[in-house]
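Listed below are the residues making up each chain.
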Amino acid sequence: MSGKTKKVLTASLIALIAFTVIIALAPKHGYGISMNTAVEVRDGKAFPENATHTFYVKASGKYSVRADWSNNEQPGFVTGFTLTDENGNTVYSISGGLLSFDTEPMKLKAGKYLCRLDYLCDEEAYNAFQRTNGLPEGMEDTSWFKDGEWFFGCNIKLYEADRTKDAVMICCGVIIALMLAFTIITLVTDDKSDASKYDERQVAMQGKAYKRGFFSIVLINTGLMVFSSLLGSFAQTGVYLMLGIVLGTCVTVTTQIMNDAYFRLDQNKKVFYILFGVLAVINAALGIRNILKGNAVVDGMVSFAGTANLFIGLMTVYVFAALLVKKIRDGKEACDEEP
């Protein structure tokens with residue numbers, strides 16, 4: 001068995017293990033409903049006054065609630081949302097005119113849960129809902145309250161969610177992508193080439209690049225640690241850790257690319273251009289999709305699970321751009337040297 005075959009088989013085995021972990025950790029229980037109701041407001045009262053749906057959760061665990069009624073025409077009422085267990089205890093509540101939200105994971109026991117949408121048609125009803133659910137009272141914009149008829153739609157989903165599992169699955173996805181890239185690079189590398197290693201200048205420059213990347217991460221993490229009390233309310237810890245890794249990687253890769261220490265002489269650069277281009281498009285698209293679905297910000301904080309793909313996508317876009325800049329610069333230098 002050749003060395004190239006062994007490398008490909010090893011990478012395939014690692015990717016298979018990572019894929020198995022993703023399958024094992026993938027959510028097994030999820031419940032969803034689309035509620036579409038014709039609501040009429042007459043003299044400050046809604047008909048019907050509310051809409052309800054019951055979810056039967058089969059297994060205890062951590063669940064998140066996602067609800068979206070932001071795509072409606074602006075109605076003449078504010079909507080109050082509550083999720084209560086079979087004992088009548090409120091698990092989660094929120095209110096808003098046109099709203100989309102995704103909660104942090106919360107522990108739920110197996111059993112029956114009631115989702116209720118209350119159509120609040122005046123300031124008194126709004127304050128009563130807020131007071132009952134321990135939410136801030138006081139409606140700044142009362143122009144929402146008006147008579148009329150509306151077709152009101154809302155999508156509600158109750159799904160298994162665990163930030164630790166999400167992080168592990170993201171890491172496994174990154175491992176699979178790296179193994180795929182490693183396999184492609186291995187297949188396009190000529191084992192018989194005499195230039196199968198980096199030369200001494202490239203090795204020395206790589207040492208400088210890694211040193212710069214290391215100190216960049218140290219400086220970034222030091223700054224995040226110093227200002228942690230201020231930054232902690234804006235994003236989850238994983239977001240800041242990912243930011244340090246991405247910036248440190250960009251510093252390292254930029255130094256290598258711009259000093260011809262990134263590629264070995266036996267490697268096909270065109271394959272790298274295509275590979276980074278594809279990875280950039282895929283991860284950026286997934287990141288934008290998470291933003292549009294409202295997964296990037298959860299309960300007022302930037303979510304690691306919702307932005308990891310975006311960070312990786314931006315990093316691969318940056319690397320792809322650096323490769324193109326270097327290619328253009330080398331082409332100009334070659335033209336200038338021609339007599």
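Anything mentioned here points back to the structure above.
Structure report, in brief. (Residues numbered from 1 in each chain as written. Predicted model: local features only at pLDDT ≥ 70, side-chain atom pairs only at ≥ 80, totals over all residues. Heavy atoms only, no water.)

1. A look at the overall build of the protein
Secondary structure assignment for the protein yields eight helices and twelve strands. The C-alpha radius of gyration of the protein comes to 27 Å, more than 25% above the 20 Å expected for a compact globule of 339 residues. Across its three principal directions, the C-alpha atoms of the protein cover 85 × 45 × 40 Å. For the protein, buried positions account for 39% of its 339 residues. A separation of at least 24 residues holds for 81% of the contacts in the protein among residues at least 6 apart in sequence. Entry remark: accessible area of the protein is about 19,200 Å², with carbon and sulfur atoms responsible for 61%. Each charge sign in the protein was given a centre, from 33 positive and 34 negative side chains, and these centres are 11 Å apart. (Helix = DSSP H or I, 4+ residues; strand = E, 2+ residues; numbered from the N terminus. Rg over C-alpha atoms; globule rule 2.2 N^0.38 Å. Buried < 20%, exposed > 50% of the residue type's maximum accessible area, 1.4 Å probe, protein only. Contact = heavy atoms within 4.5 Å. Areas by Shrake-Rupley, 256 points an atom, 1.4 Å probe, with all protein chains shown as cover. Lys, Arg positive; Asp, Glu negative; His and termini not counted. Charge placed at Lys NZ, Arg CZ, Asp CG, Glu CD.)

2. A word on the pattern of salt bridges
A full pass over the atoms with the stated rule returns six salt bridges. For Glu 49, the salt bridge identified is with Lys 45, shortest N-O distance 3.6 Å. A residue is classified by how much of its surface remains accessible, and Glu 49, at 44% relative accessible area, is partly exposed. With a closest N to O distance of 3.0 Å, Arg 131 and Glu 137 form a salt bridge. (Salt bridge = Lys/Arg side-chain N within 4 Å of Asp/Glu carboxyl O.)

3. Things to note about a nonpolar patch on the surface
Nonpolar side chains collect at one region of the surface, where Leu 13, Leu 16, Ile 17, Phe 19 and Ile 23 lie side by side and expose about 500 Å² of accessible area between them. With respect to the helices and strands, Ile 23 occurs in helix H1 (residues 3-25). (Patch = residues over 30% accessible without salt bridge, like charges linked within 9 Å, V, L, I, M, F, W, Y side chains within 5 Å.)

4. Re the sheet that holds strand E3 (residues 50-57)
Read across the sheet, four strands follow the order E3-E9-E5-E6 without closing on themselves; strand pairing throughout is antiparallel. Bordering the open sheet on either side are E3 and strand E6 (90-96), each of which pairs with just one other strand. Taken pair by pair, the neighbouring strands of this sheet meet at an average axis angle of 15 degrees, ignoring direction. (Pairing = 2+ DSSP bridges. Axes fitted to C-alpha atoms, helices over the stretch in contact; angles between N-to-C directions.)

5. Some remarks on the packing of helix H4 (residues 200-226) against helix H6 (residues 237-258)
Running from N to C, H4 and H6 cross one another at 155 degrees; their axes reach a closest spacing of 8 Å. The orientation of H4 relative to H6 falls into the category roughly antiparallel. Viewed along their axes, H4 and H6 form a crossing whose handedness is right-handed. Of the residues in H6, those touching H4 at Met 205, Gln 206, Ala 209, Tyr 210, Arg 212, Gly 213, Ser 216, Ile 217, Ile 220, Asn 221 and Leu 224 are Tyr 240, Gly 244, Leu 247, Gly 248, Val 251, Thr 252, Thr 255 and Gln 256. (Parallel < 35°, antiparallel > 145°, perpendicular 65-115°, else oblique. Left-handed = near helix turned anticlockwise from the far one by under 90°.)

6. Observations concerning H1
Between its first and last C-alpha, H1 extends 33 Å over 23 residues, near the 33 Å set by a 1.5 Å rise per residue. By the burial criterion, the buried members of H1 are Val 8, Ala 11, Ala 15 and Ala 18. (Expected span 1.5 Å × (residues − 1).)

7. Side note on the nonpolar core
In terms of nonpolar packing, the biggest core is built from 31 residues, with Trp 69, Phe 81, Phe 101 and Leu 158 touching the most fellow members. Of all the secondary structure elements, the ones that give two or more residues to this core are strand E1 (30-42), E3, strand E4 (61-68), strand E5 (78-85), E6, strand E8 (106-108), strand E9 (111-120) and strand E10 (148-160). Leaving out residues up to four positions away in the same chain, Phe 101 has contacts with Val 65, Arg 66, Ala 67, Trp 69, Phe 81, Tyr 92 and Ile 94. Counting 13 residues, the second largest nonpolar core, distinct from the first, contains Met 242, Phe 304, Ala 305 and Ala 308. (Core = buried A, V, L, I, M, F, W, Y, C linked by side-chain atoms within 4.5 Å.)

8. Quick word on unusual backbone geometry
The step from Phe 47 to Pro 48 runs through a cis peptide bond, and the omega angle for that step is -5 degrees. Backbone geometry at Asp 43 places phi at a positive 55 degrees, although glycine is not the residue there. As for its placement among the helices and strands, Asp 43 is situated in the loop between E1 and strand E2 (45-47). Accessibility expressed as a relative area gives 75% for Asp 43, which makes it exposed. Positive phi, normally seen in glycine, also occurs at Asp 260, with a value near 55 degrees. Note on placement: Asp 260 falls in the loop between H6 and helix H7 (269-292). For Asp 260, a relative accessible area of 38% corresponds to the partly exposed category.

9. Let's talk about the pairing of E4
By the bridge criterion, three bridges tie E4 to E8 in an arrangement that is antiparallel. Looking across to E8, one finds that Gly 61 is bridged to Leu 108. Here E4 pairs with E10 via six bridges, running antiparallel. Bridged to Val 65 within E10 is Leu 158. Bridge analysis of E4 against strand E7 (residues 100-102) gives three bridges, and the strand direction is antiparallel. Note that in E7 the partner of Arg 66 across the bridge is Asp 102.

10. Observations concerning the side chain of Asn 127
Within the secondary structure, Asn 127 sits in helix H2 (residues 123-132). Judged by relative accessible area, Asn 127 falls into the buried class, the value being 16%. Here Asn 127 is in contact with Glu 137, Gly 138 and Met 139, once residues within four sequence places are set aside.

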